[in-house]
There are 2 protein chains.
Amino acid sequence: MTVAKNSRISPLDPAAAEPFYRQIYDRFRSAIASGLLKPGDRIPSARVLTKELGLARGTIEAAYSLLAAEGYIQALGQAGTVVTPGLKPRLPASSTVPRSNSSVAPPSFRPDSILPFQMGLPALDAFPRKVWARLGARCIRAMQPADMVHPPVYGLQGLRAEIAAYLQVSRGINCSPSQIFVTSGYRHTLELIAHALLKTGDRVWLENPGYPPTRELLELMHMTAVPVSVDGEGMIVSEGLKAAPRARAAVITPGHQSPLCVSLSLPRRLALLDWAARSNAWVIEDDYDSEYRYVSRPLPALKSLDRDGRVLYAGTFSKVLLPGIRLAYVVVPATQVERFEQVSQAFAGGSPQLTQAIVTAFITEGHFARHIQRMRKLYATRREATAAGLESVLGKHVRIDPQPGGMHLILRLKGRRSDRRLVARMRDEGLYGEALTDWMADKSGASAVLLNFTNIDSQATAENLGRRILKLI
Amino acid sequence: MTVAKNSRISPLDPAAAEPFYRQIYDRFRSAIASGLLKPGDRIPSARVLTKELGLARGTIEAAYSLLAAEGYIQALGQAGTVVTPGLKPRLPASSTVPRSNSSVAPPSFRPDSILPFQMGLPALDAFPRKVWARLGARCIRAMQPADMVHPPVYGLQGLRAEIAAYLQVSRGINCSPSQIFVTSGYRHTLELIAHALLKTGDRVWLENPGYPPTRELLELMHMTAVPVSVDGEGMIVSEGLKAAPRARAAVITPGHQSPLCVSLSLPRRLALLDWAARSNAWVIEDDYDSEYRYVSRPLPALKSLDRDGRVLYAGTFSKVLLPGIRLAYVVVPATQVERFEQVSQAFAGGSPQLTQAIVTAFITEGHFARHIQRMRKLYATRREATAAGLESVLGKHVRIDPQPGGMHLILRLKGRRSDRRLVARMRDEGLYGEALTDWMADKSGASAVLLNFTNIDSQATAENLGRRILKLI
């Protein structure tokens, strides 16, 4: 940090045992030791600090002399006073503060760096960065006072209208912009729904296997997850009916079941909607990647069959644009608009105006539709190339499920190999993978590894990566 | 929306009573009627739609003929097919969807448009928009793959380090970057704290009067607010001790009490911290605008006295930069870092990379410190000018509290005038104001109006606005 000459320093503690010069000395020393002030950073001049703190000039000078004598700072005349360039901190950095341990949650679902096969990412090399940067620069230059104040908590009106139009034409969902609430991601969507419609202790059907963060979030909100098995037709609705007929909600991925990629069959769709209508339960449709279907047409959203207003449709821009923009949305039944407005008012501050404005422009000008179309073709190619490449190297040890859509492949491990052990080894070697058993409620079941293919650019790349996996099997 | 030629249309419902051509016709007609498709918008060609839906070409053509015959669409040859330019929708827009009624929450605390005296806004005319736009354009052009993926859920590392350095030097808070969690605003901060440290039914001391959204959010999360009166020394801690000694937390604005602007005295600070340490309660310090103090030095943060690790410090960029960027943060005790990491992982998707990167650059390059310094001077001037202007016109009817800091004035109404009635009248006349009684737990008490002065550019403006208020008193 460059500490501007005139930055305000907070007053010292007159009740402290230490004299003022020592308090000042300690404060700078600890900022330097912890790396908050770095070699070469400017610090306020003694004159400025004297005025700021309302202390005698001599007090400040005493502190600065001490710091200079110990080599922490250097006065450079006109250029001001700086932390000594090249200084190696001699103190442990904030030794009173324990190093945080990030192992509390499995890192698997929240990538911080980008590894081959990393789940949940679109093709980063194929994103139209130039168009994006042009629109972004234009939006930020066009900022008016109305764009500087609190954005509408439900989302920018223009963005809500574009989403409604997109859903109407592409997903067969008939909704008005007022039914759309912009959120900062799927978790935020789920939290908003839980705040609005569920309460502590409510039981919720979850697909088994299913996306682990859904379970984690609902359990932290003190709801009870009821695992419901998935077969070739999607969630086995009859099992849910038997296990917990009075559940308040079901979270489901009807388009491509996450992670098995099967589609919920029409009879099950109707059975699920029938249950929801009869028992006033809510169906939360997580439609995270249904645009990406390669062997036939995308299925219409479950929401398009929702005649009784029981379905909440959760969409996201993370997969079709970028996760980094943190924009998603939920379509709520018309009867629940007021409730969601109320809850959004209380909880949400709204998403930043800028990112919403960029996405709105991206859609309005037709880039969005073109991008989806291009990605659908690209992903079909990469999916085939990745499957072929891995198959050719790993064919003896794995079976790759044929899947009609989505962004990842499922490598079924032959024999009695542990998917969790393989995934742990892959991580050690800088390869990403998720174990199917980690997606199961009881962490058991079929052994398989989930691999995202959208960033694998050729069959040759897949073969090379396959050879790295082969050594670990 | 421009529907790109090749955008995907979701399949139709084969089980529906209506023939396919009629379903297609209905879908477009309703999209046009509701305004989702606008005059001049392009729709997919019959050829593309035929392919998309896998239907006979004749079916699509039948639908398009009907739409054309009724004047909804026009074929323009090479230029494609468009919604008829100049078309006036003849159907009621989505008549099945009830118009949402926004009256469920008082609009007072969530401005959608900008009115004179609007609370919670910094001086919009004085924001360095050019610098901001330059940094923004640079950040968005510099976007790399690592910036496109999920941002770290705790906030960008660079931003956390800048915040820690700023707090160290400016607020006397000694913390490491790992103790800082970036959020999307004060409400998000409060929600995160509640998820991490509180549970249903917990009692929480709140200042009375106090910021209404705090109470609203905690009550929606099923906690019990315990109002604690405020006098000239801030929250009367002894009253809290009597009313609810076993409360789990206290939310407090020690710098400038919101809205009375008094500072929490040192004995009360110590009493509060003592209570928290003895009863393992949490003190949530909402330090929303303490940079803006005009008559003496800013007080150090309560957090700087926190020797037992009981204080959570909530800061925000809404007041010192812009509300529209949706960035705030919380400093958590070192012992709670793991817990907050866990809860952030489950709930937060992180704030957008772009807005965080812009703010980081803004701080790193020294604009932040300069901006705060400039605003402190500007607000001191505007505060005096606004007080003088209003005093000269309204002096018979109101008394303006002398306040050492903050961004708003308090107009105490003489006699028995209702602040709520005056505020309602002001709103009707396009003037913003909040009634002090609306900030009271029981909606009663002293009659006063809160007016933000940061956007009042001169005494003459204040006098003009004062004359408009005079007519309403």
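Residues numbered from 1 in each chain as written. Chains lettered and ligands numbered in written order. Predicted model: local features only at pLDDT ≥ 70, side-chain atom pairs only at ≥ 80, totals over all residues. Heavy atoms only, no water.

**Quick notes on the overall build of chain A**
- Regarding its fold elements, chain A presents 15 helices and 15 strands.
- The buried share of chain A, taken over its 473 residues, is 62%.
- For chain A, long-range pairs separated by at least 24 residues make up 72% of all intrachain contacts whose partners lie at least 6 apart in sequence.
- Accessible surface, chain A as shown: approximately 17900 Å² in total, 52% of it carbon and sulfur. (Helix = DSSP H or I, 4+ residues; strand = E, 2+ residues; numbered from the N terminus. Buried < 20%, exposed > 50% of the residue type's maximum accessible area, 1.4 Å probe, protein only. Contact = heavy atoms within 4.5 Å. Areas by Shrake-Rupley, 256 points an atom, 1.4 Å probe, with all protein chains shown as cover.)

**Considerations on the domain arrangement of chain A**
Residues and elements named next belong to chain A.
- Segmentation of chain A into domains returns domain 1 (20-94), domain 2 (127-365) and domain 3 (370-470).
- Just the C-alpha atoms count here: the centres of domain 2 and domain 3 sit 26 Å apart.
- At the junction of the two partners, domain 2 supplies 26 residues and domain 3 supplies 23 residues.
- Where domain 2 abuts domain 3, roughly 2100 Å² becomes buried across the two surfaces, and 68% of that area is made up of carbon and sulfur atoms.
- Along the contact surface separating domain 2 from domain 3 lie one salt bridge.
- Close ionic contact of Glu-291 with Arg-376 constitutes a salt bridge, the shortest N to O distance being 2.8 Å. (Domains from an automatic or database assignment. Buried area = accessible area lost by both parts, 1.4 Å probe. Salt bridge = Lys/Arg side-chain N within 4 Å of Asp/Glu carboxyl O.)

**Digging into the packing of aromatic side chains**
Residues and elements named next belong to chain A.
- As enumerated under the stated definition, the model contains 28 aromatic pairs over all chains in all.
- The interplanar angle of 70° and the centroid separation of 5.2 Å between the aromatic rings of Tyr-166 and Phe-368 together place this pair among those described as edge-to-face. With a gap of 202 residues between them, Tyr-166 in helix H6 (residues 157-171) and Phe-368 in helix H13 (residues 367-394) connect regions that are remote in the sequence. For the pair Tyr-166 and Phe-368, one class covers both residues: buried.
- A ring pair is formed by Phe-317 and Tyr-329, whose centres lie 5.5 Å apart and whose planes are at 55°; its orientation type is tilted. With a gap of twelve residues between them, Phe-317 in the loop between strand E10 (311-316) and strand E11 (328-331) and Tyr-329 in strand E11 connect regions that are remote in the sequence. Neither Phe-317 nor Tyr-329 differs from the other in exposure class; each is buried.
- Through successive ring pairs, a cluster of aromatic residues spans Tyr-166, Phe-317, Tyr-329 and Phe-368.
- The ring of Trp-282 carries the charged tip of Arg-310 above its face, separated from the ring centre by 3.9 Å. (Phe/Tyr/Trp six-rings, centres within 6.5 Å; stacked < 30°, edge-to-face > 60°. Lys NZ or Arg CZ within 6 Å of the ring centre and 35° of its normal.)

**What about the sheet that holds strand E8 (residues 249-252) of chain A?**
All names here are of chain A.
- Read across the sheet, eight strands follow the order E4-E11-E10-E9-E8-E5-E6-E7 without closing on themselves; strand pairing throughout is mixed. Strand pairing shows two members of the sheet lacking a second neighbour, strand E4 (180-183) and strand E7 (234-235), which therefore form its edges.
- Taken together, the four bridges between E4 and E11 define a ladder with antiparallel strand orientation. Looking across to E11, one finds that Thr-183 is bridged to Ala-328. (Pairing = 2+ DSSP bridges.)

**Concerning the environment of Ala-271 of chain B**
- Turning to its location among the elements, Ala-271 of chain B is positioned in helix H10 (residues 266-279).
- Spatially, the C-alpha atoms of Ala-271 of chain B and Ile-456 of chain B are 39 Å apart, while their sequence positions differ by 185 residues.

**Description of the nonpolar core**
- Counting 196 residues, the largest nonpolar core has Phe-317 of chain A together with Phe-317 of chain B as its most contacted members.
- Counting residues in hydrophobic clusters, the runner-up holds 62 residues, among them Tyr-186 of chain A together with Ala-194, Ala-249 and Val-251 of chain B. (Core = buried A, V, L, I, M, F, W, Y, C linked by side-chain atoms within 4.5 Å.)

**Topic: the pattern of salt bridges**
Residues and elements named next belong to chain B.
- Tallied over the entire structure, the rule returns 24 salt bridges over all chains.
- Between Lys-199 and Asp-202 there is a salt bridge; the shortest N-O distance is 3.5 Å.
- We classify Lys-199 as exposed; its relative accessible area is 51%.
- Exposure remark for Asp-202: the relative accessible area of 7% places this residue in the buried category.
- Put simply, Asp-401 and Arg-412 hold a salt bridge, and the shortest N to O gap is 3.1 Å. Of this pair, Asp-401 sits in the loop between strand E12 (398-400) and strand E13 (408-413) while Arg-412 sits in strand E13, and the two are eleven residues apart along the sequence.
- Arg-412 sits in the buried class, given a relative accessible area of 18%.

**Some points on the pairing of strand E15 (residues 448-452) of chain A**
Residues and elements named next belong to chain A.
- For E15, the tally of buried residues reaches five of five residues, placing the bulk of the element in the interior.
- As paired strands, strand E13 (residues 408-413) and E15 are joined by five bridges and run antiparallel to one another. What sits directly across from Arg-412, in E15, is Ala-448.
- Bridging between strand E14 (residues 434-435) and E15 involves two bridges; their strand directions are antiparallel. Directly across from Ala-435, in E15, lies its bridge partner Val-449.

**Here we look at the sheet that holds strand E12 (residues 398-400) of chain A**
All names here are of chain A.
- Judged by pairing direction, the sheet is antiparallel, and its four strands sit side by side in the order E12-E13-E15-E14 without closing on themselves. At either margin of the open sheet sits one strand with a lone partner, and together these are E12 and E14.
- When E12 meets E13, the two strands line up antiparallel, connected through three bridges. Paired with Arg-399 across the bridge in E13 is Arg-412.
- Its contacts with the sheet put helix H14 (residues 419-428) on E13, E14 and E15, and the angle it makes with E15 is roughly 40°. (Axes fitted to C-alpha atoms, helices over the stretch in contact; angles between N-to-C directions.)

**Comments concerning the confidence of the model for chain A**
All names here are of chain A.
- Looking at chain A as a whole, its pLDDT mean stands at 87, while 89% of the residues score no less than 70.
- Counting contacts from residues 1-8, a segment whose pLDDT is below 50, to residues more than four positions away or on other chains yields 31 contacts.
- Scored below 50 in pLDDT, residues 89-112 shows 44 contacts in the model against residues more than four places distant or in partner chains.
- Reported for the predicted complex are a pTM of 0.80 and an ipTM of 0.79. (pLDDT = per-residue confidence, 0-100.)

**Focus on helix H11 (residues 337-347) of chain A**
- Burial of H11 of chain A is extensive: eight of the eleven residues sit out of reach of the surface.
- Those residues of H11 of chain A lying buried are Val-337, Phe-340, Glu-341, Val-343, Ser-344, Gln-345, Ala-346 and Phe-347 of chain A.
- Where the residues of H11 of chain A are buried, they touch E4, helix H7 (186-197) and E10 of chain A together with helix H7 (186-197) and helix H8 (212-220) of chain B.

**Some remarks on helix H10 (residues 266-279) of chain A**
Residue and element names in this part refer to chain A.
- If you check H10, its first and last C-alpha atoms are 20 Å apart, about what 14 residues at 1.5 Å a residue would give, namely 20 Å.
- Restricting attention to buried positions, one finds in H10 the residues Arg-268, Arg-269, Leu-272, Leu-273, Trp-275 and Ala-276. Buried residues in H10, looked at end-on, bunch into an arc of 155°, giving them a common side. Of the exposed residues in H10, those oriented more than 90 degrees away from the buried face are Pro-267 and Arg-278.
- Backbone geometry just after H10 places Asn-280 at a positive phi near 50°. (Expected span 1.5 Å × (residues − 1). Arc of directions from axis to C-beta.)

**Some words on the packing of H6 of chain A against helix H12 (residues 353-364) of chain A**
All names here are of chain A.
- Two elements in contact, H6 and H12, have axes whose closest approach is 9 Å; the angle formed by their N-to-C orientations is 40°. With respect to H12, the element H6 is oriented oblique. For the pair H6 and H12, the sense of crossing is left-handed. Of the residues in H12, those touching H6 at Gly-158, Leu-159 and Glu-162 are Gln-356, Val-359, Thr-360, Ile-363 and Thr-364.
- Here the contact of H6 with H12 is built from residues that sort into three nonpolar, four polar and one charged. (Parallel < 35°, antiparallel > 145°, perpendicular 65-115°, else oblique. Left-handed = near helix turned anticlockwise from the far one by under 90°. Nonpolar A, V, L, I, M, F, W, Y, C, P; charged D, E, K, R; others polar.)

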